[in-house]
Amino acid sequence: MLDFFYPDEMTSAMNFDSAPTSHPISVEVSSPAELSGLFDTISYRKAPRSSINWMMQKFMGDDEFAEGLRTYIDTYEGRNAEMVDLFSALTQAAGGLNVTEIMMTWTMQMGFPYVDVFLDTTTTAGSTTITLTQNRFLTGTKLPDDVSDYDYKWFIPFTYLDQDGVSGITWMDPDAASGETTLTVEKTLSWIKGNAGGNFYYIVNYEKAVLDQLKTELEKDSSAITLATDRTSLIYDIFSLAKTEVQHCS
C-alpha cells in the first residue's frame, strides 16, 4: 500500500507545487470565496494530512509522532487550535528537534527544494565527503511579486541509500553561512541515492558520474536499490530536473 503513496500523493503535490502559481499551505484569506479556492492539491496532498504529515512522521519516528499527536489531541480537545499548536505538541515529543522551526519553512512558503549532491573520494583516501546544496525547484518563470520571508530555503532532512544500506538523517540548515552542508563517511562511495525511500518532500540532483553509476546499478538489477519507492523517486527526480534543464539526460 505504501508503495503507492509516493507516486500517487507525493508526486501529484510536487507537480502542482513546482509551478510559479502555487501557494503556501498556510495563507491568509479575507473572504469565503478566497477560502474555497484554496481547497486544491496543495491543501489535500501536500498539507499535513498527506505529504508533509508523512515527512514529519518519518523524521520524528513513528512512536514519537504518535505521542506528539496524542499530546495535541489531549490538550486541545473541544477547543480551537492553530497550526503552530500542533507543531509545539510535536516538538515536545521530538527528542530535541524544533519541529516548529523546521515546519515553518515548509508551510509558510510555497514550493520545495532540489538538493545538489557531490561526492569527493580524492581528498582523503578511504573516505568520501558528501557536499549538499539546496535550491528551489521551479518549472516556470518566477512571478514578479513572488517573495518569501524564508528566501525559499528549507530545513531539509537529508538521507541517502548506498551499497551498505540507509543512512541516518543529516539536517540541511537554511541559514548555513556557506550555503553548503557537508558530511564525511569512512568509506569510498561511487554512488548514493538521496532521499532514501522517497520519504521526504524534495528531489535530488546528481553529478554525471554518480548518475551514471546509479544507472548501472539499476540496469544490473542491483540488490542495493530494491524498494519501489527508491526506484520511482529516482526516476521522478531525473525527469523532473530534465524538464527544467537542471539535469541533462543522455
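As a reminder, the structure under discussion sits directly above these lines.
Description of the structure in this document. In this text, all values refer to a predicted model and were calculated from it rather than measured experimentally.

**Digging into the packing of aromatic side chains**
For the structure on display, the rule yields 12 aromatic pairs. Here the aromatic rings of Phe59 and Trp171 are separated by 5.1 Å at their centres, their planes lie at 80°, and the arrangement is edge-to-face. Of this pair, Phe59 sits in helix H4 (residues 51-60) while Trp171 sits in strand S6 (residues 170-172), and the two are 112 residues apart along the sequence. Taking relative accessible area as the criterion, Phe59 reaches 6% and is therefore assigned buried. Considering the side-chain rings of Phe200 and Tyr202, the 6.3 Å spacing of their centres and the 5° angle between planes classify their relative orientation as stacked. The pair Phe200 / Tyr202 is uniform in exposure class, with both members buried. Among the aromatic residues, those joined into a ring-pair cluster are Trp106, Phe112, Tyr114, Phe137, Tyr152, Trp154 and Tyr201.

**Regarding the pattern of salt bridges**
Taken as a whole, this structure holds six salt bridges when the rule is applied. Residue Lys193 is joined to Asp230 by a salt bridge in which the shortest nitrogen-to-oxygen separation is 3.2 Å. Taken together, the residues Lys193 in strand S8 (residues 193-194) and Asp230 in helix H9 (residues 228-243) connect sequence positions 37 residues apart. In this structure, the salt-bridge partner of Lys220 is Glu217, at a minimum N-O distance of 3.4 Å.

**Some words on the environment of Thr244**
Tracing the backbone shows Thr244 in the segment after H9. Separated by 107 residues in the primary sequence, Thr244 and Phe137 place their C-alpha atoms 8.7 Å from one another. When near neighbours in sequence (up to four residues on either side) are disregarded, Thr244 contacts Phe137, Leu138 and Thr139. In terms of polar contacts, Thr244 uses its side chain to reach the backbone carbonyl oxygen of Leu241, at 3.0 Å.

**Here's the deal with the sheet that holds strand S1 (residues 113-120)**
With respect to topology, four strands assemble into an open sheet ordered S7-S2-S1-S9, the strand pairing being mixed. Edge positions in the sheet fall to strand S7 (180-185) and strand S9 (203-206), since each of these pairs with one other strand and no more. Strand-to-strand twist across the sheet, computed as the mean angle between neighbouring axes with direction ignored, equals 25°. The pairing of S1 with S9 spans four bridges and is parallel. Each residue of the ladder has a partner; that of Val115, found in S9, is Val204.

**Digging into the nonpolar core**
If you look at the biggest cluster of nonpolar residues, it comprises 60 residues, and the most contacted ones within it are Met103, Trp106 and Val117. Ranked by residue count, the leading element in this core is H4, at six residues. Leave out the neighbours within four places in its chain, and Trp106 touches Ile25, Lys46, Ile52, Met55, Phe112, Pro113, Trp154, Phe155, Ile156, Pro157 and Tyr201.

**A few points about unusual backbone geometry**
Positive phi values are uncommon outside glycine, yet Asp151 reaches one of about 55°. Its place among the elements puts Asp151 in the loop between strand S2 (128-136) and strand S3 (156-158). We note that Asn195 has phi near 60°; this positive angle belongs to a residue other than glycine. By the element assignment, Asn195 lies in the loop between S8 and S9.

**Brief notes about helix H1 (residues 5-17)**
When the terminal C-alpha atoms of H1 are compared, their 17 Å separation across 13 residues agrees well with the 18 Å that a helix rising 1.5 Å per residue should span. If you look at H1, its biggest bend is around 30°, right at Thr11. Among the residues of H1, Phe5, Tyr6, Met10, Thr11, Ser12, Ala13, Met14 and Asp17 are the ones counted as buried.

**Notes on helix H7 (residues 99-107)**
Counting buried residues along H7, seven of its nine residues qualify, which places the element largely inside the surrounding structure. Listed as buried for H7 are Val99, Ile102, Met103, Met104, Thr105, Trp106 and Thr107. One side-chain oxygen of the residue at the start of H7 lies 3.2 Å from the amide nitrogen of Thr100, identifying that residue as Asn98.

What counts, and where the lines are drawn
Residues numbered from 1 in each chain as written. Predicted model: local features only at pLDDT ≥ 70, side-chain atom pairs only at ≥ 80, totals over all residues. Heavy atoms only, no water. Phe/Tyr/Trp six-rings, centres within 6.5 Å; stacked < 30°, edge-to-face > 60°. Helix = DSSP H or I, 4+ residues; strand = E, 2+ residues; numbered from the N terminus. Buried < 20%, exposed > 50% of the residue type's maximum accessible area, 1.4 Å probe, protein only. Salt bridge = Lys/Arg side-chain N within 4 Å of Asp/Glu carboxyl O. Contact = heavy atoms within 4.5 Å. Polar contact = N/O pair within 3.5 Å; in protein donor to acceptor, adjacent residues only side chain to side chain. Pairing = 2+ DSSP bridges. Axes fitted to C-alpha atoms, helices over the stretch in contact; angles between N-to-C directions. Core = buried A, V, L, I, M, F, W, Y, C linked by side-chain atoms within 4.5 Å. Expected span 1.5 Å × (residues − 1). Bend = angle between axes of the 7 residues up to and from the residue.

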